[in-house]
Amino acid sequence: MTEQDFILLPYPNTLESGKITWESPSNIALVKYWGKKKDQIPENPSISFTLSNCKTITTLSFSKKENITNFEFDVYLDGEKKDDFKPKIQTFFERIEIYLPFLRNYKFKIETKNTFPHSSGIASSASGMSALALCLMSVEKQLIEKVVPSSAPDCYRDETSSSNEYFNQKASFLARLGSGSACRSIEGDLIVWGKTNSIEGSSNLFGVKYPYKIHDVFKAYQDTILLVDKGKKQVSSTVGHNLMHNHTYAKNRFQQAHDNLEKLKTILESGDLDGFIALIESEALTLHAMMMASMPYFILMKPNTLEIINKIWKFRQETGLHISFTLDAGANVHVLYPKNETSEILEFIKNELVAQCQNGHYIYDQIGFGARLIKN
Ligand code: DP6
């Protein structure tokens, strides 16, 4: 697939107005995306668990307009108009217009809500951008559904066709242009993004389902997210990615991500929990090490992040349980563990770790299976 495959023209149908709702989950990377080239192309491959409970629900209403000089849209979060979200969506529309040429023909109302608290420090860009991309894909689908041009893939002819794959791929492709990690939120349960030799079918343009055997222990993995700091981050991910240009360790880091994906294949197949823990914790700390070694340098972990990590290590050593952590670009800690160890580990989290969370807040989540159309 190339970028050109995502341009479908002309649209045979006209649509006056409509309303679509999608819900889309967040995801947590095991091998991290950190560093990107032009047009949201990642410098290295990444793989993530799709989450189940942390979701964005977006309703897109649209009505035809005459003036096509500008994009017209309003954004609401929990019913409240959010003009500060508009620049990001404006940039998103500019990037995807070539692939969705109807964007200037409609006035859009984007109503969104998250299942996790706003400003919890949980990245809503992955779930938010993927939900919006899916809503826009549903509009395109309606625009070409009845009279289908010969260039259109099968999914536009037959709802049940296996080439729903094209719909998902284009949704992931568009979501990537909104926020890189968002391309891993369309499907579940393990998604790879970024071309790498060890994963057949992997692409820099969109996320693909991990295609190899996964041991049962990884099929119901748990993620309890400890909200250490709910404030706005001092340095955004986009700025952090850009600091990987000319970074002293960039070349080695990008190679390490390829190597880790290769290693993870064996781990995922065999159910090697110790190997899994070592790999994902090293990935999390490497991500933050890259931030600390950037110029300018920065630190997103907080004292309580380190306190939690040390407690996890001590508890693991004492009990032999398979508790581990990963981090995204912030201070919060994702505590990962297999389902069959849930009761002991949750008790430990509640007794020992929740005290380090801001206002004692944490979110219970687990591996999930991707986005869902709620209403068309
Ligand atoms: C540390 O996807 O938020 O969470 O593409 O600039 O929107 P943009 O960045 P974003 O970066 C996420 C980085 C990460 C690692 C990961 O999810 O792989």
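Predicted model only: the values in this text are computed from it and were never measured.

Now for the site of the ligand. Around the ligand, the surrounding shell holds 17 residues, and the nearest of these are Tyr 33, Lys 36, Ser 179, Gly 180 and Ser 181. For the ligand, an oxygen atom lies 2.6 Å from a polar atom in the side chain of Tyr 33. A distance of 2.9 Å separates an oxygen atom of the ligand from a polar side-chain atom of His 241. Grouping the amino acids of the shell around the ligand by side-chain chemistry returns five nonpolar, eight polar and four charged.

Here we come to unusual backbone geometry. Note the cis peptide between Gly 188 and Asp 189, where omega equals -10 degrees. Residue Pro 296 follows Met 295 across a cis peptide bond; omega there is 0 degrees. Counting through the fold element by element, Pro 296 comes out in the loop between α6 (273–292) and α7 (303–319). The backbone phi angle of Asn 246 is positive, close to 60 degrees, even though this residue is not glycine. Tracing the chain through its elements places Asn 246 in the loop between α4 (237–242) and α5 (250–270). With relative accessibility at 82%, the residue Asn 246 sits in the exposed group. A positive phi angle is found at Asn 359, which is not glycine, with a value near 50 degrees. Among the structural elements, Asn 359 can be located in the loop between α8 (342–353) and β13 (362–366).

Looking now at the pattern of salt bridges. Scanning the entire structure with this criterion turns up 16 salt bridges. Across the pair Asp 74 and Lys 81 runs a salt bridge, and its minimum N-O distance is 3.7 Å. Given the relative accessible area of 17%, Asp 74 is considered buried. Judged by its relative accessible area of 41%, Lys 81 is partly exposed. The residue Arg 104 makes a salt bridge to Glu 97 at a minimum N-O spacing of 2.6 Å.

Moving on to the domain arrangement of the protein. Entries for the protein in the domain assignment read domain 1 (3–211 + 369–375) and domain 2 (219–366). Taken over C-alpha atoms, the centre of domain 1 sits 26 Å from the centre of domain 2. Counting residues at the interface gives 33 residues for domain 1, matched by 43 residues for domain 2. In total, about 3200 Å² of surface goes out of reach between domain 1 and domain 2, with carbon and sulfur atoms giving 67% of it. Three residues stand out in domain 1 for area buried against domain 2, namely Leu 30, Lys 32 and Trp 34, and they jointly supply 25% of the buried area on that side. Linking domain 1 to domain 2 there are zero salt bridges.

All right, on to the pairing of strand β7 (residues 106–114) then. By the alternation rule, side chains of β7 split into Tyr 106, Phe 108, Ile 110, Thr 112 and Asn 114, which are all buried, and Lys 107, Lys 109, Glu 111 and Lys 113, of which none is buried. Bridging between strand β4 (residues 46–64) and β7 involves nine bridges; their strand directions are antiparallel. Residue pairing across strands places Phe 62 opposite Phe 108, the latter belonging to β7. As paired strands, strand β5 (residues 72–77) and β7 are joined by six bridges and run parallel to one another. Its bridge partner being in β7, Tyr 76 is matched across the sheet by Glu 111.

Rules of the game
Residues numbered from 1 in each chain as written. Predicted model: local features only at pLDDT ≥ 70, side-chain atom pairs only at ≥ 80, totals over all residues. Heavy atoms only, no water. Near = heavy atom within 4 Å. Polar contact = N/O pair within 3.5 Å; in protein donor to acceptor, adjacent residues only side chain to side chain. Nonpolar A, V, L, I, M, F, W, Y, C, P; charged D, E, K, R; others polar. Helix = DSSP H or I, 4+ residues; strand = E, 2+ residues; numbered from the N terminus. Buried < 20%, exposed > 50% of the residue type's maximum accessible area, 1.4 Å probe, protein only. Salt bridge = Lys/Arg side-chain N within 4 Å of Asp/Glu carboxyl O. Domains from an automatic or database assignment. Contact = heavy atoms within 4.5 Å. Buried area = accessible area lost by both parts, 1.4 Å probe. Pairing = 2+ DSSP bridges.

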